[in-house]
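Single-letter residue listing:
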Amino acid sequence: MAQSSPRYRLGIDVGGTFTDMLLLDETTGDLKSAKIPSTRPPEDAILAGIERFRDHDGVDPSTIGYFSHGTTLAVNTLLERNGAEVGLITTRGFRDILELRRLRLPKANDLLVPRPVPLVPRRHVAEVGGRLDAEGHETAPLDREEIVAAARDLAAAGVGTIAVAFLHAYRDDRHERQAKAWIAEALPDLYVCTSAETWPQQREYERTLISVINAYIGGRMLNYFATLARRAAELGIAARLFSTKSNGGIMSVEAAASRPVDTLLSGPASGVIGAAFVGRQIGDDRIVTLDMGGTSVDMAVIDGEVPYSNENTVGDFPVVLPAVDVSAIGAGGGSIAWIDQEGILKVGPESAGAVPGPASYGRGGTRATVTDAYVVLGICPPSGLLGGEMPIYPDKAAAAVGAIAERLGVSLREAADAILQVATANIYAGLVPQLARRGAEAADFSLLAYGAAGPTHIFMLAREIDVRRVIVPPAPGLLCALGCLVADLRADFVRSLWESASTLADERLRELYAGLEAEALAWLENEKVEVSDVRVLRSVDVCYEGQSFEVNVLLADGPLDVATVVESFHAQYARIYGYADRKAPARLLEARVQIVGVTKRPELAARPEPARRGAPPPSSRRAVYEQGAAAEAQIFQRADLRPGDSFAGPAIVEQYDTTVYVPAGFTVSVDAWSNLIGERAS
């Protein structure tokens, strides 16, 4: 078969339950989608989806010119504690760095909170000589025989990967680089990474931990990326493969294999990037995202730009790598309803997960969940999900919710209604502080839903909070895959300053940022990807002397000087806290650079919006019960709706990847990109 010129872009989000795939025709702007049950190994589902596009849609894999995907393999490996046996080689006297942590209780009011188990047992931590001082000057040299002997002892104990983390390596990493080279020469089959090459930031525990996490997931991720690349090539895909990152960008799978820790939070990040893309498409850059899956609700506040955070938590561990700022609460479709000792109904954070899942899935679950409440109230179609491919068992849902109803002394429908109201209250309680933290008014923002359960619950939340409007994209269950399609190349670089502004010279500041920018540009050049634009964003973490927290300050383009940086810090501090002490001395902590290689934006097909013509006749009607009242909802099929259509609630829109519930009090219209736009009825 003759090789066709590339014309398709493929975005893939590998989740714990489903692998979501979007294929964009760059010529027409049309999208094709597929949801494939996730597999172990995960590449099996990816290849099955590509074969499905080939066999069912006639898409030759050789015509796929862009391939970007996000995977939960790294984060699941960490959360499930099934990574490699890791050994740690560190500076003598610091063997217990992973045990001591930060000596802070995760819950300040709980003295009995269990201590997290380190990823590296103490018997697999080796101490060696050699030392740098706080300025990076050598005070004691490394000994090659000692380094190699420590590595051999760890390998003999069953260790397959080694992290090297020496004191003050953020200042100068020559000891770490030398140790890695000696180990690689003596034991070439070992996966070895160093703390400075992973993330050279001051804070010994966090830097050591990042390198350990990188080693813990590194071997598996390296094998996964290599296998995926080989099998994709065998299928006929000639395009380079990319992976999404926690910071919302993409990088080549070769780069991801060397720094897999960058992919830890790529799933939530991809969804926010996809939501921002939808917002830009319709001219809306102030969006609150609501990603409601089976286990959790992830929320982000986009106020012109995608928000970022330098302090995140994955499982038991703090992760200081920059990531899209997403907050999560345990209130997903699989969240379990239960009654506490005082007889109060609670929902979550425990989830039924994918297995056994909600009772209505018929996989052995017996405890009531949010999804079971949807089924009992008539919101979810009794015929099944995923276009009928996944059956639903209403009798099992009724039995599970009935147990809650009996405990509460209410009817079956009242119990299901109460479950949804409690779940809505949980989401509300998680969202309001996020808005307040940014000084944002809900009325200035639109609420955008995605995830399998997001569109089902979004209007219930919008009824409780005064948002501008509700947006439901055409394929909300696949928005993370869309984010993979539209993400830019993006990388972060850091150097620790930790110096008072009163003693820091302008020249040193400029030299530091010049070095960071050169490193960033070299990274982008090494990715060998054509980009339409390059942006370099400079920022710095600053605090007042004596403070234990800092503020990240974005720096303007142009020449740098310390006085301007300090004034920018005062202004930022005043915006956040309402006051700034301009006479107090400031301290500069971390210098940061983020490079963005802007990729070619795909154009999604838009159809002209005709004059409003109402909605097509509903495919059916169904009795629903919600907020203490029974009603009859019109049922629409998403595929039948066209730009310009409009209808009022109560209504239900059914589609392959989700169900949209529109209660009374809202009207919905379809825009030119087939988004559902919901507004309060006048």
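Scroll up for the structure.
Quick caveat: nothing in here was measured; it's all calculated off a predicted structure. (Residues numbered from 1 in each chain as written. Predicted model: local features only at pLDDT ≥ 70, side-chain atom pairs only at ≥ 80, totals over all residues. Heavy atoms only, no water.)

(A) Representation of the overall build of the protein. When you go through the protein residue by residue, the secondary structure sums to 16 helices and 34 strands. Rg of the C-alpha trace for the protein: 26 Å, near the compact-globule value of 26 Å for 682 residues, within the 12% margin. Dimensions along the principal axes, computed over C-alpha positions, put the protein at roughly 80 × 65 × 50 Å. A buried classification covers 55% of the 682 residues belonging to the protein. (Helix = DSSP H or I, 4+ residues; strand = E, 2+ residues; numbered from the N terminus. Rg over C-alpha atoms; globule rule 2.2 N^0.38 Å. Buried < 20%, exposed > 50% of the residue type's maximum accessible area, 1.4 Å probe, protein only.)

(B) Broad picture of the sheet that holds strand S14 (residues 297–303). If you walk across this open sheet you meet the eight strands as S19-S14-S13-S22-S23-S34-S33-S30, and the pairing is mixed. Here the strands that pair on one side only, and so sit at the sheet edges, are strand S19 (327–329) and strand S30 (646–648). Going from strand to strand, the sheet's axes swing by 20° on average, the running direction of each strand aside. Of the strand pairs in this sheet, strand S13 (residues 286–292) and S14 are connected by seven bridges, and their pairing is antiparallel. Directly across from Arg286, in S14, lies its bridge partner Asp303. Seen against the sheet, helix H9 (residues 266–281) touches S13, S14, strand S22 (446–450) and strand S23 (469–472) and runs at an angle of roughly 130° to S22. (Pairing = 2+ DSSP bridges. Axes fitted to C-alpha atoms, helices over the stretch in contact; angles between N-to-C directions. Contact = heavy atoms within 4.5 Å.)

(C) Geometry of the sheet that holds strand S29 (residues 629–637). Ordered in space as S28-S29-S31-S32, the four strands form an open sheet in which the pairing is mixed. Edge positions in the open sheet fall to strand S28 (620–626) and strand S32 (659–662), since each of these has one partner strand only. Averaged over all pairs of adjacent strands, the angle between their axes in this sheet comes to 30°, without regard to strand direction. Sheet topology note: the S28/S29 ladder contains seven bridges and is antiparallel.

(D) Quick look at the packing of aromatic side chains. As enumerated under the stated definition, the model contains nine aromatic pairs in all. Here the aromatic rings of Tyr573 and Tyr577 are separated by 4.7 Å at their centres, their planes lie at 45°, and the arrangement is tilted. Of the two residues, Tyr573 and Tyr577 are both situated in helix H16 (residues 562–577); the distance of four residues between them amounts to about one turn of the helix. Residue Tyr573 is classed as buried on the basis of its relative accessible area of 10%. Aromatic side chains Phe636 and Phe647 sit 4.7 Å apart centroid to centroid with 35° between the ring planes, which places their arrangement in the tilted category. Of this pair, Phe636 sits in strand S29 while Phe647 sits in strand S30; the two residues are eleven residues apart in sequence, bridging distant segments of the chain. Through a chain of ring-to-ring contacts, three or more aromatic side chains come together here, namely Tyr544, Phe549, Phe569, Tyr573 and Tyr577. Directly above the aromatic system of Tyr66 lies the positively charged group of Arg9, at a separation of 4.0 Å from the ring centroid. (Phe/Tyr/Trp six-rings, centres within 6.5 Å; stacked < 30°, edge-to-face > 60°. Lys NZ or Arg CZ within 6 Å of the ring centre and 35° of its normal.)

(E) Layout of empty space enclosed by the protein. Counting across every chain of the model gives four cavities of 30 Å³ or more. Quantified by volume, the largest cavity comes out at close to 50 Å³. In terms of lining residues, the largest cavity is bounded by Leu98, Arg101, Pro116, Val117, Pro118, Leu119, Tyr205, Leu209 and Phe317. Looking at the lining of the largest cavity residue by residue, the classes come out as eight nonpolar, no polar and one charged. (1 Å grid on protein atoms, 1.4 Å probe; cavity = no way out; pocket = protein on both sides within 12 Å on 5 of 7 lines; lining within 4 Å. Points joined across faces, edges and corners; volume = space filled by probe spheres on them. Nonpolar A, V, L, I, M, F, W, Y, C, P; charged D, E, K, R; others polar.)

(F) Just unusual backbone geometry, in detail. Geometrically, the link from Arg40 to Pro41 is a cis peptide bond, its omega value of 5° lying close to zero. When you line up the elements, Pro41 lands in the loop between strand S3 (31–37) and helix H1 (43–57). In this structure, Arg81 takes a positive phi of about 55° despite not being glycine. In this structure, Arg81 sits in the loop between helix H2 (73–80) and strand S5 (86–91). One non-glycine residue with positive phi stands out, namely Gln627, at about 55°.

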